[in-house]
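# Chains, contacts and geometry: an overview
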Amino acid sequence: MAAPTPRSASRLLLLCAAAVLSQGEPSLMMDNVSVVEGEVATISCRVINNDGSVIQLLNPNRQTIYFRDYRPLKDNRFQLVNFSSSELRVSLSNVSLNDEGNYFCQLYTDPPLEEIITVTVLVPPQTLVINTQKDTATEGEEIELNCTAMGGKPAADIRWLKGNKELKGESFIRPMEEKMSLVTSRVSLTVSREDDGVAVVCLVDHPAVQDLQIQQKLSVQYKPRVLLSVSYPQGLTREGESLQLMCTVMGKPTPEKIQWLRLEDNLPENAILSGANLLINNLSKTDNGTYRCEASNSVGTSWADYVLYVYDPPTTFPPPTTTTITTTTNTILMIIADSTATTEPAVHDSQAAEEVPMTVDHAVIGGVVAVVVFAMLCLLIILGRYFARHKGTYFTHEAKGADDAADADTAIINAEGGQNNSEEKKEYFI
């Protein structure tokens, strides 16, 4: 025959219990109790299908606390809360560790029934302490923090938090008197400058207390952080202009020394130091170089560099020249750009990080083209008017002798004679 499974066994027990209840047999039911030291515990004996039998409650020393609704024990901390044929409920105030143990609920049937109620007393940690190896750490250093919870029952569970991040710690439990425990948790972490002023929290998880925690703010020293910025000019640095550099320094402790220097050379004579700022007036190409702002404190030294390149001053077009051309009919005003004017080539400033393109005056070019076209139109108009004035009718007098001739033969002779006469051949232009 196969062995019964756990599920079938539980069903069997339920069937048995149902059978007992259906037969009306008395039974006892109770719940274990957990109570915080100093508070009130409630102990209850419940009877199912009571046949009128007597109920009583006994303490861990088997002394009768209540017999039915009568209290033989002379301890006023026990008080009757409810008594009926189905329940005996008693309260115990100002609970102490001495009250912990097994209590007995008895029903005087034949045979008598007895069930155990376990009362557990919880004691919150009395003291929570956090300490570090040193009050102030240096950036990059590993530090250790310890948190101790003393006098708790049961032993406390300690967790660590830094900001929203949970840290992994290592806990040690040492037993104390009266079932109490001392718990110490240790955590190690490497600090950075971002950890300065951040709180590390030691948090206790315990059934007898909520929100029990203590924190320690970190103090971290770090070497200076140096930032450079240009107040003016905005863009390229050119000859004749001024340059101002601002040096911003942050460090802990506060940097006690801030200095400007020029790599591989001395600062220019026209350089002016004002606090952490550097001003160079009337720039020239001899001022080119790398300028460094350097700051120091007890932790270390840091710096930031600025590479200066001075460009030529900006080139502009000279004023345009004018030429007047006079004809018989019109006066033309021609603007001619100076061919010697040049534009500045495109350059790149590593500090300003911007490129300056070549500049072209398109207006001047367009003006020159317009003037040339206008001059050609004027020339065409003048030539047209000239040819129009000298255009006329062409007449000859070769046939002049024919007008006086009597007949045709005479006219021919006269015409031929007229053709041989060079003086009479004339031309007229009207």
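What you see is a predicted model; the values in this text were computed from it and never measured.

## Examining the overall build of the chain
Along the backbone of the chain there are three helices and 31 strands. Across the 430 residues of the chain, 30% fall into the buried class. Relative to all contacts within the chain whose residues are 6 or more apart in sequence, the contacts with residues 24 or more apart total 62%.

## Notes on the state of the cysteines
Tallied over the entire structure, the rule returns three disulfides. Linked covalently through their sulfurs, Cys147 and Cys202 form a disulfide whose S-S length is 1.8 Å. Taking the sign of the S-S torsion, -80° for the link of Cys147 and Cys202, the bridge is left-handed. Taken as a pair, Cys147 in strand E12 (residues 142-152) and Cys202 in strand E17 (residues 199-206) lie far apart in primary sequence, 55 residues in all. Looking at Cys147, the relative accessible area reads 0%, which means it is buried. Its relative accessible area of 0% is what places Cys202 among the buried residues. The disulfide bridge from Cys247 ends at Cys293, spanning 1.9 Å between sulfur atoms. The sign of the -85° torsion about the S-S bond sets the Cys247-Cys293 disulfide as left-handed. Placement of Cys247 in strand E20 (residues 243-252) and of Cys293 in strand E24 (residues 289-296) is noted, with a sequence separation of 46 residues between them. Counting only the cysteines that take part in disulfides, in the order they occur along the chain, gives the pairing 1-2, 3-4, 5-6.

## Comments concerning empty space enclosed by the protein
Applying the stated criterion to the full structure yields one cavity of 30 Å³ or more. Of the voids in this model, the largest cavity is the one considered here, and its volume is about 80 Å³. Lining the largest cavity we find Thr132, Lys134, Asp135, Thr136, Ala137, Ile143, Gln216, Lys217, Leu218, Ser219 and Val220.

## With respect to unusual backbone geometry
In this chain, Tyr232 is followed by Pro233 through a cis amide linkage whose omega measures 0°. With respect to the helices, strands and loops of the structure, Pro233 is situated in the loop between strand E19 (220-232) and E20. Omega for the peptide link from Lys252 to Pro253 comes to 0°, which places this bond in the cis form. Looking at the secondary structure, you find Pro253 in the loop between E20 and strand E21 (257-262). Here Asn282, not a glycine, exhibits a phi torsion of approximately 50°, which is positive.

## Digging into the sheet that holds strand E18 (residues 209-217)
As summarised here, the arrangement of the four strands in space is E14-E13-E17-E18, forming an open sheet in which the pairing is antiparallel. Bordering the open sheet on either side are strand E14 (165-167) and E18, each of which pairs with just one other strand. The average angle at which neighbouring strand axes cross in this sheet is 30°, direction not considered. Inspection of the sheet shows strand E13 (residues 157-162) paired to E17 by six bridges, in the antiparallel sense.

## As for the pattern of salt bridges
By the definition in use, this model includes 18 salt bridges. Between Lys285 and Asp312 there is a salt bridge, and its shortest N-O distance comes to 3.2 Å. Remark: Asp312 occurs in the loop between strand E25 (301-308) and strand E26 (321-326) and Lys285 occurs in the loop between strand E23 (277-280) and E24; sequence separation between them is 27 residues. Overall, the relative accessible area of 35% leaves Lys285 in the partly exposed class. Residue classification places Asp312 among the partly exposed residues on the basis of a relative accessible area of 43%. Between Asp305 and Arg292 there is a salt bridge, with the nearest N and O atoms lying 2.7 Å from each other. Of this pair, Asp305 sits in strand E25 while Arg292 is found in strand E24, placing the two residues 13 residues apart along the sequence.

## Quick word on the sheet that holds strand E10 (residues 127-132)
Read from one edge of the open sheet, four strands run E10-E12-E16-E15, paired in antiparallel fashion. Only two strands of the sheet have a single partner each, and these edge strands are E10 and strand E15 (170-175). Across the sheet, the axes of successive neighbouring strands diverge by a mean angle of 15°, strand direction being ignored. The sheet contact formed by E15 and strand E16 (residues 181-190) spans six bridges and is antiparallel. Bridging from a neighbouring strand, Ile173 pairs with Val183 of E16.

## Quick word on the packing of aromatic side chains
Counted according to the given criterion, the structure contains two aromatic pairs. We note Arg62 situated over the ring of Phe104; from NZ or CZ to the ring centre the distance is 3.9 Å.

## A few points about the confidence of the model for the chain
When pLDDT is averaged along the chain, the result is 80, and 74% of the positions lie at 70 or above. Confidence drops under pLDDT 50 across residues 321-360; counting only partners more than four residues distant or on other chains, this segment forms 72 contacts. Ignoring residues within four places in sequence, the model shows residues 416-430, a span with pLDDT below 50, making 18 contacts including any to other chains.

## What about the side chain of Lys162?
With respect to the secondary-structure elements, Lys162 resides in strand E13. A polar atom in the side chain of Lys162 sits 3.2 Å from the side chain of Asp195. With sequence-adjacent residues up to four places away left out, Lys162 is seen in contact with Leu167, Leu189, Asp195, Val198, Ala199 and Val200.

## Considerations on the environment of Gly38
On the secondary structure map, Gly38 appears in the loop between strand E2 (33-36) and strand E3 (41-48). In this structure Gly38 comes out as partly exposed when scored by relative accessible area, which is 42%. With 59 residues separating them in the primary sequence, Gly38 and Leu97 have C-alpha atoms 9.3 Å apart. For Gly38, the residues in contact, after removing those within four places along its chain, are Asn94 and Val95.

Calculation notes
- Residues numbered from 1 in each chain as written.
- Predicted model: local features only at pLDDT ≥ 70, side-chain atom pairs only at ≥ 80, totals over all residues.
- Heavy atoms only, no water.
- Helix = DSSP H or I, 4+ residues; strand = E, 2+ residues; numbered from the N terminus.
- Buried < 20%, exposed > 50% of the residue type's maximum accessible area, 1.4 Å probe, protein only.
- Contact = heavy atoms within 4.5 Å.
- Disulfide = S-S within 2.5 Å.
- 1 Å grid on protein atoms, 1.4 Å probe; cavity = no way out; pocket = protein on both sides within 12 Å on 5 of 7 lines; lining within 4 Å.
- Points joined across faces, edges and corners; volume = space filled by probe spheres on them.
- Pairing = 2+ DSSP bridges.
- Axes fitted to C-alpha atoms, helices over the stretch in contact; angles between N-to-C directions.
- Salt bridge = Lys/Arg side-chain N within 4 Å of Asp/Glu carboxyl O.
- Phe/Tyr/Trp six-rings, centres within 6.5 Å; stacked < 30°, edge-to-face > 60°.
- Lys NZ or Arg CZ within 6 Å of the ring centre and 35° of its normal.
- pLDDT = per-residue confidence, 0-100.
- Polar contact = N/O pair within 3.5 Å; in protein donor to acceptor, adjacent residues only side chain to side chain.

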